[in-house]
Structures are given as structure tokens and as C-alpha cells.
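# Structural overview
Spelled out from the first residue to the last, the chains are:
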Amino acid sequence: MSFTLATWNINSVRLRAGLVEKLLTEEAPDVLCLQECKSPVKKIPLDVFAAAGYGHMVARGQKGYNGVAILSRLPLIDAGHRDFCGKGDTRHVAATLENGVTVHNYYIPAGGDVADRNVNEKFGHKLDFLTEMRDWFRDSRPERSILVGDLNIAPREDDVWSHKQLLKVVSHTPIEVDHLTDAQEAGGWVDVTRADIPEGQLYSWWSYRARDWDAADKGRRLDHIWASSDIAASGHGSRVLREARGWTQPSDHAPVFATFDL
């Protein structure tokens, strides 16, 4: 079985339902994982997506904040979620495909603007979230699993437009990168995107504040696709759909794709 998976921080699934439909129609991934849906599950416009052939959904949502959803044209079984840090926010959901592969969809906290947990509670939450991920993976090492989502960290020097200028900026600080790396290593996760595209600048997010985001190209790779070590070699065809950042009323993130032969 070969299937293509995409991950996209949509920044309001109801506001941008038309863009989701456009992606499903034009790019046709078998599975689409969305983050920052900002909607209760019952108000996610599944009818729009079902009309495009995506009638299966597993989601967790809340009004106005967070929210994760997995849309699929392949049958899904709800594989639950984890309430990281016990905050009751909807930042994780999992679903299992018929081939036994479990897809984990994450929306890791952004962490606010100040990279110091002593003065910024949001940054502390982000670090604690990553630590809990690490411990979970260490206790239950994943198999036949794919982890995707807006992880809100650009770990490599070539995952940002300027490593030197962003070293003290939340999303690229050494402490965040170390926490993410610890979680990745604890689970034996392989960064499929960088396995496929090992060299060069690569971004999936460009700030709304940039007047001409495309020309300025001050991006960061915040959106990731990982696979457990037992299936990582089956991943290929990784790409970022950069043009989606230029669609009408876009998200500030672009979709990231990978194909798996399993």
C-alpha cells in the first residue's frame, strides 16, 4: 500500500475550508493532518471535505483555540489522544489506518515571545510539553507510526533564514532544539523530510508581518513529518507546497507532504 500524507497548520479550518478543499482537490493526499483548527469538532465542515472524497475524520477541537484533525479518504480508527501537561487543550490526536500504521498529529505550543520560562509561562509550557513527549516515547517506543504536525521548532541551521539572527528567537533557541531532539531520539523518530532533502534552506512558515513574504523569504521549517525507525525507509517524495502560502487569505504555514510505501 502506498499513500501520501500532508500536514498543514490551517489557522482556522472554518475560515479556510475553501483552501482545504482546494488542496484536497488539486494535490489529493490520501491523508491530511490539520493543526490550529480553532473549532469544536462538530463545527468542522466535514461535509465540504466529504464532497471532495474525504469522508473519514478523527479530530479533537475547542472553540477558538488549538485543535487537530486528521482527514482521510482511507478508513481510519480513532487511536485516542494525550492531554499533555494536563491543560485540557487539544494539541494531539492519533488515528490508525487499515494497514496498521498509526498517525500522530501534534500542535506543539508556540511558546510566546520571550525565551525564558522564568518570565514567560508559555515558554515553560512548551518545554514541559516536549519533556512529556520525550518521556512518553521513552516509555513506549513507537512502531509503525508517523508523527506529523506544527512542532513550532525549526531545529537545523538551514531550517531558518538566519541561524545567527534567530538564535535567541523562540522556535530556534538551543534549549528548544535540544528538547525536540531529545524527544525525537527517545522515540527513534526519523525526520523524513530531511532524509529526503538533506541539504539546503527549507521553510514551511513565513510571517504574516512580512509585506512581501515571497521576496523576503524569511522563513522557518516549523512543520514536520517523522516516521518510526521501522518504517522510515519507506518514506519518500517529500516536498513543501510553498505556493499555498500565496493563496487568497492564506495560512502563514504551507503544507508539507511525504509518500510512504507500506
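Quick caveat, the model's predicted, so the values are computed rather than measured.

Counting its secondary structure elements, the protein chain contains seven helices and 14 strands. Projected onto its principal axes, the C-alpha positions of the protein chain cover 45 × 45 × 35 Å. Among the 262 residues that make up the protein chain, the fraction classed as buried is 55%. For the protein chain, the proportion of contacts with a sequence separation of at least 24, taken over those separated by at least 6, is 69%. Carbon and sulfur atoms make up 47% of the accessible area of the protein chain, which amounts to about 11,300 Å² in all. Each charge sign in the protein chain was given a centre, from 31 positive and 37 negative side chains, and these centres are 6 Å apart.

Below, the discussion takes up the packing of aromatic side chains. Scanning the entire structure with this criterion turns up ten aromatic pairs. Considering the side-chain rings of Phe-137 and Trp-189, the 5.5 Å spacing of their centres and the 70° angle between planes classify their relative orientation as edge-to-face. One end of the pair, Phe-137, is in helix α3 (residues 121-139); the other, Trp-189, is in strand β9 (residues 189-191), and 52 residues separate them in sequence. Judged on exposure class, the residue Phe-137 and its partner Trp-189 are both buried. In textbook terms, an aromatic cluster arises when at least three aromatic residues are bridged by ring pairs, as seen for Phe-84, Tyr-106, Phe-129, Trp-136, Phe-137, Trp-189 and Trp-226. Here the guanidinium or amino end of Lys-22 rests over the ring plane of Trp-247, the centre of that ring lying 4.9 Å away. In this structure, Lys-218 is placed above the aromatic ring of Trp-161, and the distance from its NZ or CZ to the ring centre is 4.7 Å.

A word on the state of the cysteines. What the rule picks out here adds up to zero disulfides. The thiol of Cys-33 is unpaired, and the distance to the nearest cysteine sulfur, on Cys-37, comes to 10 Å. The structure places no disulfide on Cys-85, whose sulfur is separated from the nearest cysteine sulfur, that of Cys-37, by 20 Å. Its relative accessible area of 27% is what places Cys-85 among the partly exposed residues.

On to the environment of Trp-205, then. Mapped onto the elements, Trp-205 comes out in strand β10 (residues 205-206). Between the C-alpha atoms of Trp-205 and Asp-252, which are 47 residues apart in sequence, the distance is 5.7 Å. Apart from the residues lying within four places of it in its own chain, the contact partners of Trp-205 are Gly-219, Arg-220, Leu-222, Asp-252 and His-253. Within polar-contact distance, the side chain of Trp-205 engages the side chain of Asp-252 at 3.1 Å.

Glancing now at the layout of surface pockets. By volume, the largest pocket is sized at about 740 Å³. Lining the largest pocket are 26 residues, and of these Trp-205, Ser-207, Arg-209, Arg-220 and Asp-252 sit closest to its centre. Grouping the amino acids of the lining of the largest pocket by side-chain chemistry returns twelve nonpolar, seven polar and seven charged. Among the elements that make up the lining of the second largest pocket, the one with the highest residue count is α3 (three residues). Taken together, the residues that form the lining of the second largest pocket break down as four nonpolar, five polar and eight charged.

The next subject is the pattern of salt bridges. Considering all chains together, one arrives at 17 salt bridges under this definition. Its salt-bridge partner being Asp-135, residue Arg-134 comes within 2.8 Å of it at the nearest N-O pair. Assessed through its relative accessible area of 21%, Arg-134 is described here as partly exposed. A relative accessible area of 29% means that Asp-135 is categorised as partly exposed. A salt bridge links Arg-156 to Asp-158, with the nearest nitrogen and oxygen atoms 2.9 Å apart. A relative accessible area of 28% means that Arg-156 is categorised as partly exposed. Taken together, the shared-partner salt bridges connect Arg-156, Asp-158, Asp-159, Asp-191, Arg-194 and Arg-221 into one network.

In terms of burial, strand β2 (residues 31-35) is a largely internal element, five of the five residues being buried. Burial along β2 is two-sided: the residues Val-31, Cys-33 and Gln-35 and Leu-32 and Leu-34 are all buried. Both strand β1 (residues 2-9) and β2 contribute to a ladder of five bridges, which runs parallel. Of the residues in β2, the one forming a bridge with Trp-8 is Leu-34. On the question of chirality, the crossover connecting β1 to the parallel β2 by way of helix α1 (residues 17-26) is right-handed. Pairing of β2 with strand β4 (residues 68-72) involves five bridges; the strand directions are antiparallel. For Gln-35, the partnering residue across the bridge sits in β4 and is Val-68.

What counts and what doesn't
- Residues numbered from 1 in each chain as written.
- Predicted model: local features only at pLDDT ≥ 70, side-chain atom pairs only at ≥ 80, totals over all residues.
- Heavy atoms only, no water.
- Helix = DSSP H or I, 4+ residues; strand = E, 2+ residues; numbered from the N terminus.
- Buried < 20%, exposed > 50% of the residue type's maximum accessible area, 1.4 Å probe, protein only.
- Contact = heavy atoms within 4.5 Å.
- Areas by Shrake-Rupley, 256 points an atom, 1.4 Å probe, with all protein chains shown as cover.
- Lys, Arg positive; Asp, Glu negative; His and termini not counted.
- Charge placed at Lys NZ, Arg CZ, Asp CG, Glu CD.
- Phe/Tyr/Trp six-rings, centres within 6.5 Å; stacked < 30°, edge-to-face > 60°.
- Lys NZ or Arg CZ within 6 Å of the ring centre and 35° of its normal.
- Disulfide = S-S within 2.5 Å.
- Polar contact = N/O pair within 3.5 Å; in protein donor to acceptor, adjacent residues only side chain to side chain.
- 1 Å grid on protein atoms, 1.4 Å probe; cavity = no way out; pocket = protein on both sides within 12 Å on 5 of 7 lines; lining within 4 Å.
- Points joined across faces, edges and corners; volume = space filled by probe spheres on them.
- Nonpolar A, V, L, I, M, F, W, Y, C, P; charged D, E, K, R; others polar.
- Salt bridge = Lys/Arg side-chain N within 4 Å of Asp/Glu carboxyl O.
- Pairing = 2+ DSSP bridges.
- Right-handed = clockwise from strand over helix to strand, strands pointing away.

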